[in-house]
Amino acid sequence: MSLRTESGPYFGDFGGRFVPESLIAALDELTAEYEVAKQDPAFAAELAELHRSYTGRPSIITEVPRFARHAGGARVILKREDLNHTGSHKINNVLGQALLTRRIGKTRIIAETGAGQHGVATATAAALFGLECVVYMGEVDTERQALNVARMRLLGAEVVAVKTGSRTLKDAINEAMRDWVTNVGNTNYIFGTVAGPHPFPAMVRDFQKIIGEEARAQVLELTGRLPDAVTACVGGGSNAIGIFHAFLDDQDVALWGFEAGGDGADTLRHAATITKGRPGVLHGARSFLLQDEDGQTVESHSISAGLDYPGVGPEHAWLASTGRAQYRPVTDAAAMEAFRLLSRTEGIIPAIESSHALAGTLELGKELGPDATILVSLSGRGDKDMETAGRYFDLLDEGALQV
Amino acid sequence: MTPGTSAVATAIAARRDAGSGALIGYLPAGFPTLSGSIDAAVALVESGVDVIELGIPYSDPVMDGPVIQAATQQSLADGFKLRHGFEAVAAITSQVSAPVVMMTYWNPVVQYGVDRFADDLKAAGGAGLITPDLVPDEAGAWLTASDRTGLDRVFLAAPTSSDARLRQAVQSSRGFVYAVSTMGITGARSDVDAAARVLIDRLRDAGATSACVGVGVSTAAQVREILGYADGAIVGSALVKSLADGGIEGVRALARELAEGTRDVVRSV
């Protein structure tokens, strides 16, 4: 049976719609409109044209032999979502949902963002389509991703710094849901990842699966065969599902998701949801999450704002529970080492999020050996992370900062 | 819905049949302290509140506005655990006869175990659960556990709910149906939406015999207006704010004032 036909609300035991009744009508409307849009060739054509002439798709693949020497000599091929307009894979999903917003006739869009990549993509689409845009971002993240805050504001979006709870991505989602409950009449919630209530996990997956569809054909063309493994970082899991999906029925292709291990998955400071969490309900779906014995969500920790989330998409929970995909934690330190290594060996500065996939690939390559080919989702570029990296590696010129 | 088997439905019906309606008051467990929340709930009943809605603090309360968020966050920071919620229910019901329903987001119930939660709530003297992020579609385990224990289950109805969903909410609920007055989160509003009156009419058409209006209700005048067409009025954030600002005496004074709104009601049904 194909694993590629799952379309929610449930993926195995995971998924569903655990939301206030006030949101059900909006979710029903979105589900119905999306089903119609999916069948509409004009919708597909318009999205394809935006991908071609606005985002810059198809994104290329790049083989990275100098980096691969550190990965046990395995062949390593990057899928370059970092080269998309706005700098990450997030634009793939946002353009789809923005087109859907226009079909529904709503004039205001809201979004949550962690690293700011989804917020920037949403603000970009709002500018392109002439929509009012509010982005919710945890206060902690507005500080560590200040450059993306400025980008969103420049694009005309209002950025709201969320000061409740852990002041990171999970709290930004809470606040965006509160906004949606209140303003659902004119507002569409452009959700950034494959989590949340149905139809978001399936719909966002559908808008991101172009990553794997392109990459599968590109790798076949380059190497004449499918890769042995496909790797990606997993926060909520949208780039990972995006690149995994085309390979789900290729049973010989191993799928590896790398979660944010923070200080270490065995410490209290990590975001390794599948590795260390257990099933529960958060943000509208049943999935794995980091929680205490009472079901209170536990704060996650990661150097990467985009992976700093105590939940994960329900399709990943399903793929993990069935064993089709495997998930491992990668520490902050390992991710930053991979960040520097790709920069030094290949002249490509990755996002810190994507660096988790690179670090996991370095280990995986050593395990699989030199005959293996590994396809890596390079989900974003590292421009936004220069301040974090500068501080981490002590690269900033302190003298210049002193007045 | 099966009125007559439910203490909550009975309490509401008694007030309605006397020509008025019920006043339902929300307070979070563990705020300002566990014993303080118990004393405050008792004070509400002594001041004329008919049904207590005891909120279980949760880390991600998407239906709640800033007042309740701040109070529940403080309760959690001070060490609130689910067992304290059951302790509070037991302490309140040992002092007053008004029914106590818990308001809880769904994940704490799932993690505690749906059946174990129902058993412990029942043992503590609790009347049932209000579940703001659990729609009947996803509530299979809770429907079974509440039928087994006889606990009430209160689902929400929104102005945007379809007729079919309102029927589902009415058929699935026991005790009352929680009519969300306005699109939005909890917190005082100067006007309770005209949408509430329409929603109650639609719930009646869907077969509701016990329907209460909540979200945004904060004054005696609003309570009186709502009881003109609904079976109960639910006040939350305003009580929490009065407790935060004025302590037990503050919340007692507001409850007395709100209870005035249950007098001289002109019913339009």
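From a predicted model like this one, the values you see are computed outputs, not experimental measurements.

(A) The arrangement of the pairing of strand β9 (residues 232–235) of chain B in detail. Residues and elements named next belong to chain B. Residues Gly232 and Ile234 of β9 are buried on one face, and the alternating residues Ala233 and Val235, pointing to the opposite face, are buried as well. Summarising the sheet, strand β1 (residues 22–28) and β9 pair through four bridges and their orientation is parallel. Bridge pairing links glycine 25 to valine 235 in β9. Of the strand pairs in this sheet, strand β8 (residues 211–214) and β9 are connected by two bridges, and their pairing is parallel. Following the sheet pairing, cysteine 212 is matched in β9 by glycine 232.

(B) Focus on the UniProt feature "active site" (unreviewed entry) in chain B. Cross-referencing UniProt, the feature "active site" (unreviewed entry) maps to Glu53 and Asp64 of chain B in the present numbering. Within this annotated set, the second largest cavity is lined by Glu53 and Asp64 of chain B. Within the fold, glutamate 53 of chain B resides in strand β2 (residues 51–55). With near-sequence residues (within four places) excluded, glutamate 53 of chain B lies in contact with Ile24, Gly25, Tyr26, Leu27, Val101, Met103, Ile130, Tyr178 and Ile234 of chain B. Within the secondary structure layout, aspartate 64 of chain B lies in the loop between β2 and α3 (66–77). Sequence-distant contacts of aspartate 64 of chain B, defined by excluding residues within four places in its chain, comprise Arg178 of chain A together with Gln69, Met103, Tyr105, Ile185 and Thr186 of chain B.

(C) Layout of the nonpolar core. Residues Trp180 of chain A together with Trp142, Phe176, Tyr178, Leu203 and Leu239 of chain B are the most contacted members of the largest nonpolar core, which totals 154 residues. Broken down by element, this core gets its largest block of residues, nine residues, from helix α11 (residues 237–260) of chain B. Counting residues domain by domain, this core receives three or more from each of domain 1 (10–53 + 90–200) and domain 2 (58–87 + 209–393) of chain A. Those residues in contact with leucine 239 of chain B that lie beyond four places of it in its chain are Gly25, Tyr26, Leu27, Leu44, Val251, Leu254, Ala255 and Leu258 of chain B. Phe11, Ile61, Ile77 and Leu255 of chain A belong to the second-largest nonpolar core, a separate cluster that totals 32 residues.

(D) Fine view of the domain arrangement of chain A. All names here are of chain A. Domain annotation of chain A identifies domain 1 (10–53 + 90–200) and domain 2 (58–87 + 209–393). Taking only C-alpha atoms, the centre of domain 1 and the centre of domain 2 are 22 Å apart. Facing the 39 residues of domain 1 at the interface are 41 residues of domain 2. Taken together, the two surfaces of domain 1 and domain 2 that pack against each other cover about 3,100 Å², and 61% of this comes from carbon and sulfur. Across the contact surface, domain 1 and domain 2 share zero salt bridges. Counting the contacts that link domain 1 with domain 2 gives 11 residue pairs in polar contact (both at pLDDT 80 or more). When contributions to the side of domain 1 that touches domain 2 are tallied by element, the ones reaching two or more residues are β2 (14–18), α4 (90–104), α5 (117–129), α6 (139–144), α7 (146–154) and α8 (169–183). A breakdown of the residues in the side of domain 1 that touches domain 2 according to their chemical character gives 15 nonpolar, 17 polar and seven charged.

(E) Inspection of the UniProt feature "domain: Tryptophan synthase beta chain-like PALP" (unreviewed entry) in chain A at higher detail. The UniProt entry lists residues 57–380 of chain A under the feature "domain: Tryptophan synthase beta chain-like PALP" (unreviewed entry), expressed in the numbering used here. When the span residues 57–380 of chain A is considered, its composition is 42% helix and 21% strand, and the gap between its end C-alpha atoms is 14 Å.

(F) Molecular detail of the packing of aromatic side chains. Residue and element names in this part refer to chain A. Evaluated as defined, the whole model comprises 16 aromatic pairs over all chains. Summarising the aromatic geometry, the rings of phenylalanine 191 and phenylalanine 200 are spaced 5.2 Å apart at their centres and angled 35° between planes, so their arrangement reads as tilted. Its relative accessible area of 2% is what places phenylalanine 191 among the buried residues. A relative accessible area of 1% places phenylalanine 200 in the buried class. Aromatic ring contacts, followed pair by pair, group Trp180, Tyr189, Phe191 and Phe200 into a single cluster.

(G) Structural context of the sheet that holds strand β12 (residues 284–289) of chain A. All names here are of chain A. The four strands are arranged β1-β2-β12-β11 in an open sheet whose pairing can be described as antiparallel. At either end of the open sheet lies a strand with only one pairing partner, and these are β1 (10–11) and β11 (278–282). Pairing of β11 with β12 involves five bridges; the strand directions are antiparallel. The residue bridging leucine 282 from the neighbouring strand is alanine 285, located in β12.

(H) Broad picture of the environment of lysine 276 of chain A. Residues and elements named next belong to chain A. Mapping lysine 276 onto the fold places it in helix α12 (residues 273–276). Residues lysine 276 and leucine 99, 177 residues apart in the sequence, show an inter-C-alpha distance of 37 Å. Setting aside residues up to four positions removed in sequence, lysine 276 forms contacts with Ala265, Asp266, His270 and Leu290. A polar atom in the side chain of lysine 276 sits 3.0 Å from the side chain of aspartate 266.

(I) Quick peek at the pattern of salt bridges. Inspection of the entire model under this criterion finds 48 salt bridges over all chains. Residue aspartate 228 of chain A pairs with arginine 225 of chain A through a salt bridge whose shortest N-O separation is 3.1 Å. With relative accessibility at 26%, the residue aspartate 228 of chain A sits in the partly exposed group. Judged by relative accessible area, arginine 225 of chain A falls into the partly exposed class, the value being 35%. Several salt bridges converge on common partners, so that one network encompasses Arg16, Asp17, Arg204, Asp231 and Arg267 of chain B.

(J) Summary view of the sheet that holds strand β3 (residues 61–63) of chain A. Residues and elements named next belong to chain A. The six strands are arranged β3-β4-β14-β9-β10-β13 in an open sheet whose pairing can be described as mixed. The sheet is open, and its two edges are formed by β3 and β13 (325–331), each paired on a single side. Taking the axes of each pair of neighbouring strands and ignoring which way they run, one obtains an average angle of 25° across the sheet. In this structure, strand β10 (residues 254–262) lies alongside β13, joined through seven bridges in parallel fashion. By the bridge assignment for β13, phenylalanine 258 is matched with arginine 328. Running over the sheet, helix α13 (residues 314–322) touches β9 (229–234) and β13 and is turned about 110° from β13. Here helix α14 (residues 332–346) sits on the sheet in contact with β4 (75–80), β10, β13 and β14 (373–378), set at roughly 90° to β13.

Rules used throughout
Residues numbered from 1 in each chain as written. Chains lettered and ligands numbered in written order. Predicted model: local features only at pLDDT ≥ 70, side-chain atom pairs only at ≥ 80, totals over all residues. Heavy atoms only, no water. Buried < 20%, exposed > 50% of the residue type's maximum accessible area, 1.4 Å probe, protein only. Helix = DSSP H or I, 4+ residues; strand = E, 2+ residues; numbered from the N terminus. Pairing = 2+ DSSP bridges. UniProt positions renumbered as here; feature names shortened; annotations may be inferred. 1 Å grid on protein atoms, 1.4 Å probe; cavity = no way out; pocket = protein on both sides within 12 Å on 5 of 7 lines; lining within 4 Å. Contact = heavy atoms within 4.5 Å. Core = buried A, V, L, I, M, F, W, Y, C linked by side-chain atoms within 4.5 Å. Domains from an automatic or database assignment. Buried area = accessible area lost by both parts, 1.4 Å probe. Salt bridge = Lys/Arg side-chain N within 4 Å of Asp/Glu carboxyl O. Polar contact = N/O pair within 3.5 Å; in protein donor to acceptor, adjacent residues only side chain to side chain. Nonpolar A, V, L, I, M, F, W, Y, C, P; charged D, E, K, R; others polar. Phe/Tyr/Trp six-rings, centres within 6.5 Å; stacked < 30°, edge-to-face > 60°. Axes fitted to C-alpha atoms, helices over the stretch in contact; angles between N-to-C directions.

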